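# Structural features, examined
If you want the building blocks of each chain, they are given just below.
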Amino acid sequence: MVQVAAQQWCDALADLASTAASGTDETVLLRKGLEVLRCNLGARCGEIYRFRQGQPALEHLQNCQIDCPLSQTSHGLAQMAVDTRQTAWHGRVVALPLLATGQVLGVYVLHLPDDPAPSEEGFLSLSAAVVAMGLRHVSETDRLQGREAQRRSLMHQLLFAQEEERRRVGRELHDEVGSHLTAALLALQITEKRPEYLGEARKAVVQALEEVRRLSRELRPAVLDDLGLVKALERYLHEFRQRTGLQVQAEIECPQLRESQQIALFRVIQEALTNVARHAQARQVYVGLSAWDKRVRGLITDDGRGFDPEQAPTSVGMVGMRERIEQLGGSLSVESAPGRGTRISFVVPL
């Protein structure tokens, strides 16, 4: 008889494990686990508890009768199982926590017909472990699928941002550089008859050249290749002050980095300052970059209007900043609140 029960339990556990490995819906898995326990142990009734705002919440009641013995004890017993992370008993009523990586994912509460034998207690524990691993598998699968969907969305946004940047550069080449060159051409044509206009032609050519150089520096600052990150940032901050009129305090110290690190950190700071100029309505900006404890640490703060990070839509620029830092094995955080400015900090391992 014991061998028959053992074989029946093994078959039931194998079937339950197959359901758990299939990545089925959490509710389906929970009900399957409860049915396996109820049928193989002859439980009069059983309940499934999930969590809502940190408290157990009854999700499903199966095979319960009107005079259910669980009604007076189940919730408190489930809470005890959650608090202790251990099986809790009240007479023949048992609360079985579903534990995975130290976290309680749910609770089974069962009313058993007799006092359980050690082998039945083992079956209870094994069934709970299988269901908990299945729940964890479903959760991880959903998380990975969500990250993959987010990655595809971000890639779409980044590609769109690249096209927008190309459009912006093309527009500035056409509007700014093109207009200066057109003015220079007209002035040169006039100088054929009026030599005194040669200065105007020279001025228009110089302006066009400066616009080309400015766009070139934005796309790829040559000083970054020639003199490194610190000098490139110092020059960029000088131009940023002149262009925006903002007060900029900077403390830039950094050892020699790999080319990929220099480009990423420069772009992150550039994007952060671009956001300040466009959206923050700030008066003062602080930029800090230093290295200690085998890490490069960066900080950009402003005294602008701030925003609510939970409510603000995800921007392509912010996504790009985070992606660059994470690709270097680092992390980036954004702290802000309406009326309290914005603080962007990052850490990258050397």
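Attention here is on the structure that accompanies the text. (Residues numbered from 1 in each chain as written. Predicted model: local features only at pLDDT ≥ 70, side-chain atom pairs only at ≥ 80, totals over all residues. Heavy atoms only, no water.)

So, on to the overall build of the protein. Helices and strands together make up the secondary structure of the protein, namely 9 helices and 10 strands. Residue burial in the protein is summarised as follows: out of 350 residues, 39% are buried. If you take every contact in the protein between residues at least 6 apart in sequence, the share linking residues at least 24 apart comes to 61%. Surface accessibility of the protein: about 20400 Å² in total, with carbon and sulfur atoms responsible for 52%. (Helix = DSSP H or I, 4+ residues; strand = E, 2+ residues; numbered from the N terminus. Buried < 20%, exposed > 50% of the residue type's maximum accessible area, 1.4 Å probe, protein only. Contact = heavy atoms within 4.5 Å. Areas by Shrake-Rupley, 256 points an atom, 1.4 Å probe, with all protein chains shown as cover.)

Of note in the backbone geometry, R85 takes a positive phi value of approximately 55 degrees without being a glycine. For R85, the location among the structural elements is in the loop between α3 (74-84) and β3 (88-90). A residue is classified by how much of its surface remains accessible, and R85, at 42% relative accessible area, is partly exposed. Residue Q281 is not a glycine yet carries a positive backbone phi of 55 degrees. One can find Q281 in the loop between α8 (259-280) and β7 (284-292).

This next bit is on the packing of aromatic side chains. How two aromatic rings sit relative to each other is set out by the distance from centre to centre and by the angle between their planes. Counted under the stated rule, the structure contains 2 aromatic pairs. Through successive ring pairs, a cluster of aromatic residues spans Y236, F240 and F266. Directly above the aromatic system of W292 lies the positively charged group of R297, at a separation of 4.1 Å from the ring centroid. (Phe/Tyr/Trp six-rings, centres within 6.5 Å; stacked < 30°, edge-to-face > 60°. Lys NZ or Arg CZ within 6 Å of the ring centre and 35° of its normal.)

Note: β7 against strand β8 (residues 295-302), 8 bridges, orientation antiparallel. Residue pairing across strands places L289 opposite G298, the latter belonging to β8. The antiparallel pairing of β7 with β8 creates a hairpin that spans 2 residues between the two strands, and D293 there sits at a positive phi of about 55 degrees. Summarising the sheet, β8 and strand β10 (residues 342-349) pair through 8 bridges and their orientation is antiparallel. Residue pairing in the sheet places R295 in a bridge with P349 of β10. (Pairing = 2+ DSSP bridges.)

By size, the foremost hydrophobic cluster in this structure holds 36 residues, and its most contacted members are L229, L265, L273 and F346. For this core, the secondary structure elements donating two or more residues are α7 (229-244), β6 (247-252), α8, β7, β8, α9 (316-327), β9 (331-336) and β10. The biggest single contributor to this core is α8, with 9 residues. Contact partners of L265, with chain neighbours within four places excluded, come to L229, L257, V296, I325, L328, F346 and V348. Among the nonpolar cores identified, the runner-up in size contains 28 residues, and W9, L16, L34 and V36 belong to it. (Core = buried A, V, L, I, M, F, W, Y, C linked by side-chain atoms within 4.5 Å.)

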